[in-house]
Amino acid sequence: MSKLLWIVSQGMIAVGVAIGSASFFGCASSTPPPERSTSEIKRDADLAFDRMKQEEREYRGEGGTPR
């Protein structure tokens, strides 16, 4: 019985090491996203703000007055 527990514990350790190695090397090999310029960030923020304002207008109605 103790030999069975030893085998199971060694198997669990091996699986843990394999999963940890795979996740480490998987993340380490991926390339970081390209740097974005300030103008790109501003453009995206402006677009998101315009979408938010459009959704607000649609929610309140086209008249612009609160319900």
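Keep in mind that what you see is a predicted model, and the values were worked out from it rather than measured. (Residues numbered from 1 in each chain as written. Predicted model: local features only at pLDDT ≥ 70, side-chain atom pairs only at ≥ 80, totals over all residues. Heavy atoms only, no water.)

S.K.: Sorry, what's going on with the pattern of salt bridges here?
M.R.: Pairing between side chains of opposite charge can happen when the charged atoms of each approach one another. Evaluated as defined, the whole model comprises five salt bridges. The partner of Lys42 in a salt bridge is Asp46, and the shortest N-O contact between them spans 3.0 Å. With Lys42 and Asp46 both in helix H2 (residues 38-60) and four residues apart, the pair spans about one turn of that helix. Given the relative accessible area of 35%, Asp46 is considered partly exposed. The salt bridge partner of Lys53 is Glu56, with a shortest N-O separation of 3.6 Å. One end of the pair is Lys53 and the other is Glu56, both in helix H2 and three residues apart, which spans about a single turn. Since its relative accessible area comes to 31%, Lys53 is described here as partly exposed. When its relative accessible area of 29% is taken as the criterion, Glu56 is described as partly exposed. Several salt bridges share partner residues, and in doing so they unite Arg36, Arg43 and Asp44 into one network. (Salt bridge = Lys/Arg side-chain N within 4 Å of Asp/Glu carboxyl O. Helix = DSSP H or I, 4+ residues; strand = E, 2+ residues; numbered from the N terminus. Buried < 20%, exposed > 50% of the residue type's maximum accessible area, 1.4 Å probe, protein only.)

Remember, this is a structural readout, not a statement about activity or role.
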